[in-house]
Amino acid sequence: MMKKEELKVEVSLPSDTEVRVTRSFHAPRTLVWQAHTDPKLLKRWMHGYPGWSLPVCEMDVRPGGKYRWRWRSDEGGQEFGFFGEFKEVDAPARLTQEEYFDPGDVGDVAGAMPVDNPTMNRSTFTEKNGVTTLVLLMDYGSKEARDAAISTGMTDGMETSYERLDTMLAEQQGG
């Protein structure tokens, strides 16, 4: 069994346009899948750093279904988000979605985040011995867009959210 410290986000750059994020969870993949596809659950854990919330979390999880997520700063009220369309939904194994960045009133924080060109996100969920591993492959379409996204500190924010997800999953399992 993996130790808690082994559950941190692992980030790699498999190509000039891609970021791969790998993270494991002590939970069955059906629970991890549900946490990624149920808006009520997503709002509980995917709000990044303390001081931010996810007041808008709309998801129609089916091929061709749309989604919209919007984060808000508790302190200043600034907002940004993402929206797009689900391309592949194969529960609880694979989820592919086209994603557009909405800079809101935060602005284009990285200077080159793709607003007009979508990022393709491919998530795979595998389970072994009660541990589910999520591999998220994000293809930004260009090296500039990929590097801009990385420069925002997104993977640190993802780990903060995933730690919150760890707690939620443990609660769901009576831990």
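Structure's up top.
Residues numbered from 1 in each chain as written. Predicted model: local features only at pLDDT ≥ 70, side-chain atom pairs only at ≥ 80, totals over all residues. Heavy atoms only, no water.

On a plain count of helices and strands, the chain comes out with four helices and eight strands. In the chain, the order of α-helices and β-strands from amino to carboxyl end is β-β-α-α-β-β-β-β-β-β-α-α. In terms of C-alpha radius of gyration, the chain reaches 16 Å, essentially the compact-globule figure of 16 Å for 175 residues. Restricting to contacts in the chain with at least 6 residues of sequence separation, those with at least 24 account for 51%. Roughly 8,800 Å² of accessible area belongs to the chain as shown, and the carbon and sulfur atoms make up 50% of that amount. (Helix = DSSP H or I, 4+ residues; strand = E, 2+ residues; numbered from the N terminus. Rg over C-alpha atoms; globule rule 2.2 N^0.38 Å. Contact = heavy atoms within 4.5 Å. Areas by Shrake-Rupley, 256 points an atom, 1.4 Å probe, with all protein chains shown as cover.)

Right, let's get into the packing of aromatic side chains. Taken as a whole and judged by the stated rule, the model has 13 aromatic pairs. Relative to F86, the ring of Y67 lies with its centre 5.1 Å away and its plane at 45 degrees, an arrangement referred to as tilted. Placement of Y67 in strand β4 (residues 66-73) and of F86 in strand β5 (residues 79-90) is noted, with a sequence separation of 19 residues between them. Since its relative accessible area comes to 3%, Y67 is described here as buried. F86 gets classed as buried once you look at its relative accessible area, which sits at 1%. Note on F82 and F101: the rings are 5.4 Å apart at their centroids and 50 degrees apart in plane angle, and the pair reads as tilted. Of this pair, F82 sits in strand β5 while F101 is found in strand β6 (residues 94-102), placing the two residues 19 residues apart along the sequence. Aromatic rings pair up to connect W52, Y67, W69, W71, F80, F82, F86 and F101 into one cluster. (Phe/Tyr/Trp six-rings, centres within 6.5 Å; stacked < 30°, edge-to-face > 60°. Buried < 20%, exposed > 50% of the residue type's maximum accessible area, 1.4 Å probe, protein only.)

Okay, the pattern of salt bridges next. Scanning the entire structure with this criterion turns up 16 salt bridges. R94 is paired through a salt bridge with E88; the nearest N and O atoms lie 3.1 Å apart. The shortest N-O distance in the salt bridge between D90 and R94 comes to 2.7 Å. A residue is classified by how much of its surface remains accessible, and D90, at 28% relative accessible area, is partly exposed. (Salt bridge = Lys/Arg side-chain N within 4 Å of Asp/Glu carboxyl O.)

What follows is about unusual backbone geometry. In this chain, A91 is followed by P92 through a cis amide linkage whose omega measures -10 degrees. By the secondary structure assignment, P92 is in the loop between β5 and β6. We note that N129 has phi near 55 degrees; this positive angle belongs to a residue other than glycine. Positionally, N129 belongs in the loop between β7 (119-128) and β8 (131-139). By relative accessible area, which is 71% here, N129 ends up exposed.

Let us look at the nonpolar core. Core analysis: the biggest nonpolar cluster contains 36 residues, and V21, W45, W69, Y162 and L165 have the highest contact counts within it. Residue contributions to this core peak at six residues, all from helix α4 (residues 154-172). If we ignore the near neighbours within four places in the chain, the residues touching Y162 are V9, V21, R23, F25, H36, W45 and L134. (Core = buried A, V, L, I, M, F, W, Y, C linked by side-chain atoms within 4.5 Å.)

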